[in-house]
Amino acid sequence: MTSRNWVHLFLTTLVIGAVTTAVVGFIVRWSEFQHLLSDFNILEFLSILVWLMGVGLIFSILSQMGFFAYLTIHRFGLGIFKSIWNSVQVLLIAFVLFDLVYLRYNAFAEKGEGILPYIGLAAIVLAAGLIVAFLKVKQTNKEAFIPAMFFMIVVTVIEWVPVLRVNEHSWVYLMLFPLLICNAYQLMVLHKLNQKSMEERKALEAKTTKKSPNKKAQKKPSNA
């Protein structure tokens, strides 16, 4: 990927993270913020909006760190595990989803509380992973399905861990949806930016090759 396309990916993901967090923040915490609109307290509303967007930038950077870390891990995985790398990823996906339900239920469930809310949260992550993986396959090839699932589930949960440990309801959802959207965006746009970078490099090479003969022709013969 060329530096220009990398900067484009970085900036657009930042914007997506900021906007998504602001929207999700007002939805999740609407009961806290609705009085600002009813009282026409625009200044405080804007200050909260800026704060949410700032938090979204942090979520976005975390998402991008996870994305580029996964690209490196994926290469190492292919080199170490070779043909069984997909099977390893499937096992890790199952392990992470199980732990997302079991460990959180054991750690935070109150007496008499059912396990369904914890399963529901894992189901959201699984559904997002399946949807993005199917879209990725549709745009690229079937080999992209498991890596896309792995990234959308395993990497998202790892990025999500700081809030999962606290288990504050509004923050759990406030962080989850921006991470899912930022991760999905990066995954879906990666092959397009790589293709664009290849085309730009070919165009630059063709331009350089075209100029080289002209420069040689313009050289004056030596007087020696």
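Everything here concerns the structure above.
Conventions adopted
Residues numbered from 1 in each chain as written. Predicted model: local features only at pLDDT ≥ 70, side-chain atom pairs only at ≥ 80, totals over all residues. Heavy atoms only, no water. Helix = DSSP H or I, 4+ residues; strand = E, 2+ residues; numbered from the N terminus. Expected span 1.5 Å × (residues − 1). Bend = angle between axes of the 7 residues up to and from the residue. Buried < 20%, exposed > 50% of the residue type's maximum accessible area, 1.4 Å probe, protein only. Contact = heavy atoms within 4.5 Å. Phe/Tyr/Trp six-rings, centres within 6.5 Å; stacked < 30°, edge-to-face > 60°. Polar contact = N/O pair within 3.5 Å; in protein donor to acceptor, adjacent residues only side chain to side chain.

A.B. asks: What is the right way to look at helix α4 (residues 85-108) in this model?
C.D. replies: Structural remark: α-helix, 3.6 residues per turn; residues separated by three or four positions point the same way. Its 24 residues give α4 an end-to-end C-alpha distance of 34 Å, which sits within 8% of 34 Å, the value for a rise of 1.5 Å per residue. Remark: the principal bend of α4, roughly 25 degrees, maps to Asp99. Taken together, the buried positions of α4 are Trp85, Val88, Gln89, Ile93, Val96, Leu97, Asp99, Leu100, Val101 and Arg104. Elements that come into contact with the buried residues of α4 comprise α3 (42-81), α5 (116-139) and α6 (145-166).

A.B. asks: Whenever I open this one, the packing of aromatic side chains confuses me. Can you help?
C.D. replies: We describe a pair of aromatic rings using the distance from one ring centre to the other and the angle between the two ring planes. Taken as a whole, this structure holds 13 aromatic pairs when the rule is applied. Ring centres 5.5 Å apart and planes at 70 degrees place the aromatic pair Phe67 and Phe68 in the edge-to-face group. Taking the relative accessible area as the measure of exposure, Phe67 reaches 0% and is therefore buried. On the basis of relative accessible area, Phe68 is assigned to the partly exposed category, the value being 28%. Centroid distance Tyr105 to Tyr118: 5.5 Å. Interplanar angle 80 degrees. Geometry classified as edge-to-face. Here Tyr105 is found in helix α4, whereas its partner Tyr118 is found in helix α5, with 13 residues between them in sequence. An aromatic cluster of three or more residues is present, and its members are Trp6, Phe10, Phe67, Phe68, Tyr70, Phe81, Trp85, Phe150 and Phe151.

A.B. asks: Whenever I open this one, the side chain of His74 confuses me. Can you help?
C.D. replies: Here His74 lies in helix α3. Within the structure, the side chain of His74 is placed 3.0 Å from the side chain of Trp85, a separation counted as a polar contact. Once residues lying within four places of it in the same chain are set aside, the contact partners of His74 are Trp85, Gln89 and Pro147.

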